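A closer look at the structure
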Amino acid sequence: SHDKGLQRFYEQILLALERNIRWDVVKAVILASPGFTKDQLFKYIMEEAVKREMKELQEHKAKFVLSRSSSGFKHSLKEVMVDPAVA
């Protein structure tokens, strides 16, 4: 179902953040999407970080920036990058 697919997608992102982000180097993690996907993803990441005691992720909560985009395609990066929350 769509919900299960979305859950797997969120889980893959969470694991990628845990494995690949060097928080001492990264200044921001931008989550952008049309609609509420970015908000739901951020909520999932933070809730799971608490449940799984992912302290480092919790400590860097302020580095997450949520931005609206008109689509999930690459050309939407331009509109995200001019968002005052990101710039």
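Now for a look at the structure at hand. (Residues numbered from 1 in each chain as written. Predicted model: local features only at pLDDT ≥ 70, side-chain atom pairs only at ≥ 80, totals over all residues. Heavy atoms only, no water.)

**Points about helix H2 (residues 37-51)**
- Taking 1.5 Å of rise per residue, 15 residues should cover 21 Å, and H2 covers 21 Å from first to last C-alpha, within 8% of that figure.
- Taken together, the buried positions of H2 are occupied by Lys 38, Leu 41, Phe 42, Tyr 44, Ile 45, Met 46, Glu 48 and Ala 49.
- Where H2 is buried, its residues touch helix H1 (2-20), strand E1 (29-33), helix H3 (55-59) and strand E2 (64-68).
- Once H2 ends, the next one or two residues include Glu 53, with phi positive near 55°. (Helix = DSSP H or I, 4+ residues; strand = E, 2+ residues; numbered from the N terminus. Expected span 1.5 Å × (residues − 1). Buried < 20%, exposed > 50% of the residue type's maximum accessible area, 1.4 Å probe, protein only. Contact = heavy atoms within 4.5 Å.)

**A word on H1**
- In this model, H1 (19 residues) spans 27 Å end to end at C-alpha, consistent with the 27 Å of a helix rising 1.5 Å per residue.
- Looking only at H1, the buried set comprises Tyr 10, Leu 14 and Leu 17. Each buried residue of H1 lies within a common arc of 60° when the element is viewed along its axis, so the set occupies one face. Facing away from the buried surface of H1 by more than 90 degrees, the exposed residues are Lys 4, Arg 8, Gln 12, Arg 19 and Asn 20.
- Elements that come into contact with the buried residues of H1 comprise E1, H2, H3 and E2. (Arc of directions from axis to C-beta.)

**Details of the pairing of E1**
- Taking every second residue as pointing to the same face, the buried face of E1 carries Val 29, Leu 31 and Ser 33, while none of Ile 30 and Ala 32 on the other face is buried.
- Where E1 meets E2, 5 bridges bridge the pair, whose relative direction is parallel. Residue pairing for E2: Ile 30 is matched across the bridge by Val 65. (Pairing = 2+ DSSP bridges.)

**With respect to the packing of H1 against H2**
- It is at 10 Å that the axes of H1 and H2 come closest, and there the two elements cross at 60°. Taken together, the axes of H1 and H2 are oblique relative to one another. Crossing of H1 against H2: the hand is right-handed. In this structure, H1 uses Leu 6, Gln 7, Tyr 10, Glu 11, Ile 13, Leu 14 and Leu 17 to contact H2, whose residues at the interface are Thr 37, Gln 40, Leu 41, Tyr 44, Ile 45 and Glu 48.
- Considering only residue class, the contact of H1 with H2 consists of 8 nonpolar, 3 polar and 2 charged. (Axes fitted to C-alpha atoms, helices over the stretch in contact; angles between N-to-C directions. Parallel < 35°, antiparallel > 145°, perpendicular 65-115°, else oblique. Left-handed = near helix turned anticlockwise from the far one by under 90°. Nonpolar A, V, L, I, M, F, W, Y, C, P; charged D, E, K, R; others polar.)

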